[in-house]
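# Overview (structure and organization)
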Amino acid sequence: MPSRPDLVRRVSAACALTAAAGLAALAWSSTLLGEYSVMTMGPAGALGRGHAGHDAEAGSGAAAGSTSVTELVADPLRKPDVRIRLVAGSQTIDVPGGHPFQGYTVNGTSPGPTIRARQGDLVEAVFVNESVGAGATLHWHGMDVPNAADGVAGITQDAVPVGGQHTYRFVAEDPGTYWYHSHQLSHEQVERGLLGAVVVEPAVPSPNGGSTEALALLHVYGGQHTLNGRALDEHVPAEPGSTVRIRVINTDQGTASVWSAAPFRVAAIDGREVKAPAVIQDRSVLVPAGGRVDITMQAPAHGAARLNVGGARSIFIGSMTGDEPGARQPSATLDFLAYGSPAPLGFEAASPDRTFDYTIGRRPGVIDGRPGNFWTINGRLYPDAPMFNVRQGDVVLMHLRNESGEVHPMHLHGHHVLVLSRDGIPAKGSPWWIDSLDIHPGESYDVAFVADNPGIWTDHCHTLEHAVDGLVAHVMYEGITTPFTINGRAGNHPE
Ligand code: C2O
Ligand code: CU
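Residues numbered from 1 in each chain as written. Chains lettered and ligands numbered in written order. Predicted model: local features only at pLDDT ≥ 70, side-chain atom pairs only at ≥ 80, totals over all residues. Heavy atoms only, no water.

### What to know about the overall build of the chain
When helices and strands are tallied, the chain shows five helices and 34 strands. Counting contacts in the chain only where the partners sit at least 6 residues apart, residues at least 24 apart contribute 76% of the total. (Helix = DSSP H or I, 4+ residues; strand = E, 2+ residues; numbered from the N terminus. Contact = heavy atoms within 4.5 Å.)

### Quick word on the sheet that holds strand S13 (residues 234–237)
Sheet architecture is open: five strands sit in the order S13-S21-S20-S15-S18, paired in mixed fashion. Lying at the two open borders of the sheet, with one neighbouring strand each, are S13 and strand S18 (285–287). Mean inter-strand twist for the sheet, computed between neighbouring axes without regard to direction, equals 20°. Two strands pair when backbone bridges link them, and S13 and strand S21 (residues 313–318) are joined in this way by four bridges, in the parallel orientation. Each bridged residue has a counterpart across the sheet, and for His235 the counterpart in S21 is Phe316. (Pairing = 2+ DSSP bridges. Axes fitted to C-alpha atoms, helices over the stretch in contact; angles between N-to-C directions.)

### Structural notes on the coordination of the copper ion (ligand 2)
Around the copper ion (ligand 2), the protein supplies His408 (ND1), Cys461 (SG) and His466 (ND1) as donor atoms, at distances of 2.0 to 2.1 Å. Sequence positions of the donors to the copper ion (ligand 2) reduce to the motif H-x52-C-x4-H. With a relative accessible area of 11%, His466 lands in the buried category. (Donors = N, O, S within 2.8 Å, 3.2 Å for Na, K, Ca; no water. Buried < 20%, exposed > 50% of the residue type's maximum accessible area, 1.4 Å probe, protein only.)

### A short note on unusual backbone geometry
Following Ser110, the chain continues to Pro111 via a peptide bond in cis, the omega torsion being -5°. Looking at where Pro111 falls in the secondary structure, it is placed in the loop between strand S4 (101–106) and strand S5 (115–118). Here the amide bond leading from Tyr382 into Pro383 is cis, since omega sits at 5°, within 30 degrees of zero. Among the secondary structure elements, Pro383 is positioned in the loop between strand S23 (370–377) and strand S24 (387–390). Not every positive phi belongs to a glycine, and Leu185 is a case in point at roughly 40°.

### A short note on the pattern of salt bridges
Opposite charge on two side chains allows them to pair when their charged atoms are near. The tally for this structure, following the rule as stated, stands at 21 salt bridges. Measuring nitrogen to oxygen at the nearest pair gives 2.6 Å for the salt bridge that ties Glu124 to Arg169. Of the two residues, Glu124 is situated in strand S6 (residues 122–129) and Arg169 in strand S8 (residues 165–171); the sequence distance between them amounts to 45 residues. On the basis of relative accessibility, which here comes to 9%, the residue Glu124 falls in the buried class. (Salt bridge = Lys/Arg side-chain N within 4 Å of Asp/Glu carboxyl O.)

### What about the confidence of the model for the chain?
Confidence along the chain averages 90 in pLDDT terms, with 89% of residues attaining 70 or more. Low pLDDT, under 50, characterises residues 44–63; the predicted model gives this stretch 34 contacts beyond four residues in sequence or across chains. (pLDDT = per-residue confidence, 0-100.)

### Notes on the pairing of strand S20 (residues 304–309)
In terms of burial, S20 is a largely internal element, five of the six residues being buried. Summarising the sheet, strand S15 (residues 256–260) and S20 pair through three bridges and their orientation is antiparallel. Each residue of the ladder has a partner; that of Ser260, found in S20, is Leu307. Between S20 and S21, which follow one another and run antiparallel, lie three residues, and Gly310 among them has a positive phi close to 75°.

### Looking at the environment of Pro431
Within the secondary structure, Pro431 is located in the loop between strand S28 (425–426) and strand S29 (433–434). Since its relative accessible area comes to 18%, Pro431 is described here as buried. When the C-alpha atoms of Pro431 and Ser341 are compared, they prove to be 7.8 Å apart, with 90 residues separating the residues in sequence. Dropping the residues within four chain positions of it, Pro431 is found in contact with Ser341, Pro342, Ala343, Leu345 and Leu418.

### Focus: the sheet that holds strand S7 (residues 139–141)
Strand order in the open sheet made by the four strands is S5-S10-S9-S7, with mixed pairing throughout. Taken across any chain shown, the strands that pair with only one partner, and hence form the sheet edges, are S5 and S7. Pairwise comparison of adjacent strand axes, ignoring direction, gives a mean angle of 25° for this sheet. Sheet topology note: the S5/strand S10 (residues 195–201) ladder contains four bridges and is parallel. Pairing of Arg118 across the sheet is with Glu201, part of S10.

### Observations regarding the nonpolar core
In this structure, Ile246, Val266 and Tyr358 are the most contacted members of the largest nonpolar core, which totals 79 residues. Discounting residues that sit within four places of it in the chain, Ile246 has contacts with Ala214, Ala216, Val236, Val293, Asp294, Ile295, Leu307, Ile315 and Ile317. Of all hydrophobic cores here, the second largest spans 27 residues; its members include Ala88, Met143, Ala149 and Phe170. (Core = buried A, V, L, I, M, F, W, Y, C linked by side-chain atoms within 4.5 Å.)

### So, the environment of His460
Considering the arrangement of structural elements, one finds His460 in strand S32 (residues 456–461). In this structure, the C-alpha to C-alpha distance between His460 and Ser436, residues 24 residues apart in sequence, is 9.6 Å. Look past the residues within four positions of His460 in its chain and what remains in contact with it is His183, Tyr358, Pro409, Met410, His411, His413, Ala467, Leu471 and Val472. Polar contacts involving the side chain of His460 include one to the side chain of His183, which spans 3.5 Å. For His460, the side chain forms a polar contact with the side chain of His413, separated by 3.4 Å. (Polar contact = N/O pair within 3.5 Å; in protein donor to acceptor, adjacent residues only side chain to side chain.)

### Describing the packing of aromatic side chains
Applying the stated criterion across every chain, the model contains 12 aromatic pairs. With centroids separated by 5.9 Å and ring planes inclined at 45°, the aromatic side chains of Phe347 and Trp433 adopt a geometry described as tilted. Of this pair, Phe347 sits in the loop between S21 and strand S22 (354–367) while Trp433 sits in strand S29, and the two are 86 residues apart along the sequence. (Phe/Tyr/Trp six-rings, centres within 6.5 Å; stacked < 30°, edge-to-face > 60°.)

### Looking at the environment of Gly303
Structurally, the position occupied by Gly303 is in the loop between strand S19 (292–298) and S20. Once the C-alpha coordinates of Gly303 and Ser319 are considered, the two residues, 16 residues apart in sequence, prove to be 5.0 Å apart.

Quick look at the structure:
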């Protein structure tokens with residue numbers, strides 16, 4: 001596999017050729033990456049600016065006593081509390097209310113089965129690839145699983161070939177709404193349905209309530225906007241006055257809106273409860289691609305309240321007699337920067353050990369032999385993207401900035417990230433923890449997280465076509481290595 005300097009040499013050789021003789025075809029083939037390890041990505045010594053002299057010592061690659069990602073597992077001796085077999089297939093998906101769609105299923109349907117666990121349960125999912133030709137994996141979006149269970153082909157495992165299987169084990173530590181999806185050729189496999197929901201019930205009921213609950217998994221199958229796999233509205237029966245929790249999961253490639261003419265609250269964002277959420281009226285709630293919100297709503301005394309999810313579909317809450325007319329979508333949106341009440345954070349965000357820039361831009365170039373107008377990170381083109389080297393226990397501050405002209409839903413694996421400020425305005429509501437954050441053109445966000453989950457973690461755009469086009473970087477812990485490679489014989493293509 002080529003080393004980091006090899007990669008750089010190939011790219012510069014390609015540029016020289018193009019300039020000299022316009023030998024475009026030759027230039028493209030010179031930029032072919034071949035088999036490579038994620039560990040070779042990023043400019044050498046791309047260290048965060050930190051205190052405490054970390055910079056001088058960290059990032060020296062495979063240090064003595066290095067640990068493979070395969071060793072970062074849940075307790076192997078513990079018996080699973082939830083055991084599920086998930087079989088991926090390539091087949092025609094029946095879309096009730098719409099047209100059949102050629103895609104991917106889990107246990108015969110898309111979305112696949114909803115996995116339910118209680119907080120603290122050990123989940124063991126045996127994943128079998130029956131007929132997904134290019135191989136497949138499962139990634140647990142938003143769940144801070146041990147790195148070996150992260151499901152990223154070429155980084156934490158090989159793609160599971162047809163006839164193969166792979167076992168994922170993790171403790172469902174944090175209650176909330178999550179989802180799973182393939183992380184092999186994810187731009188194609190997620191879009192075509194290789195996904196499902198995960199619900200982790202809290203050990204202690206949330207003060208935000210919602211004893212009756214329903215899922216609202218949004219996905220577009222070949223242009224058909226669906227709610228839980230059907231191109232139809234849904235009804236959730238509920239006693240008048242009771243609180244219903246709707247778990248909205250946006251599995252699509254762009255932002256989804258949620259709104260209602262009736263009052264509602266956002267009880268949770270990306271699997272974290274909001275502290276003291278206020279009632280929302282005349283506001284749309286925006287859910288980034290990959291993101292989730294739990295909405296709570298009261299069933300009305302008569303009829304049903306209508307919650308519009310994702311624009312095309314609605315959920316009716318209450319008795320079936322109601323025929324609540326559709327409300328116009330409020331143009332004002334809810335700002336999570338100032339929603340709910342402050343609460344203790346549990347870490348010192350004000351004194352980070354590392355500070356990184358993640359600035360998104362765009363320019364023409366060639367990636368792996370493919371010419372295009374690609375996304376850049378800190379001005380660099382994939383695979384020259386920055387490597388964010390951290391050490392376990394670090395408090396990490398990241399400045400996210402979007403200078404690319406399009407919105408990007410940014411997603412870091414393995415960690416929950418706290419929003420500190422947007423465009424210099426500090427967050428002042430409930431702690432806004434995210435795993436998927438829309439960054440609009442011209443915006444900048446300061447976010448922070450605690451490096452408490454060792455591994456090599458992807459930090460990418462969840463408009464998955466953008467990830468293929470270069471919008472992917474990694475957070476790598478000191479001393480962690482991976483035996484897996486991208487583009488090699490195992491055919492790993494994480495994006
Ligand atoms: Cu939902 Cu890297 O993914
Ligand atoms: Cu993007």
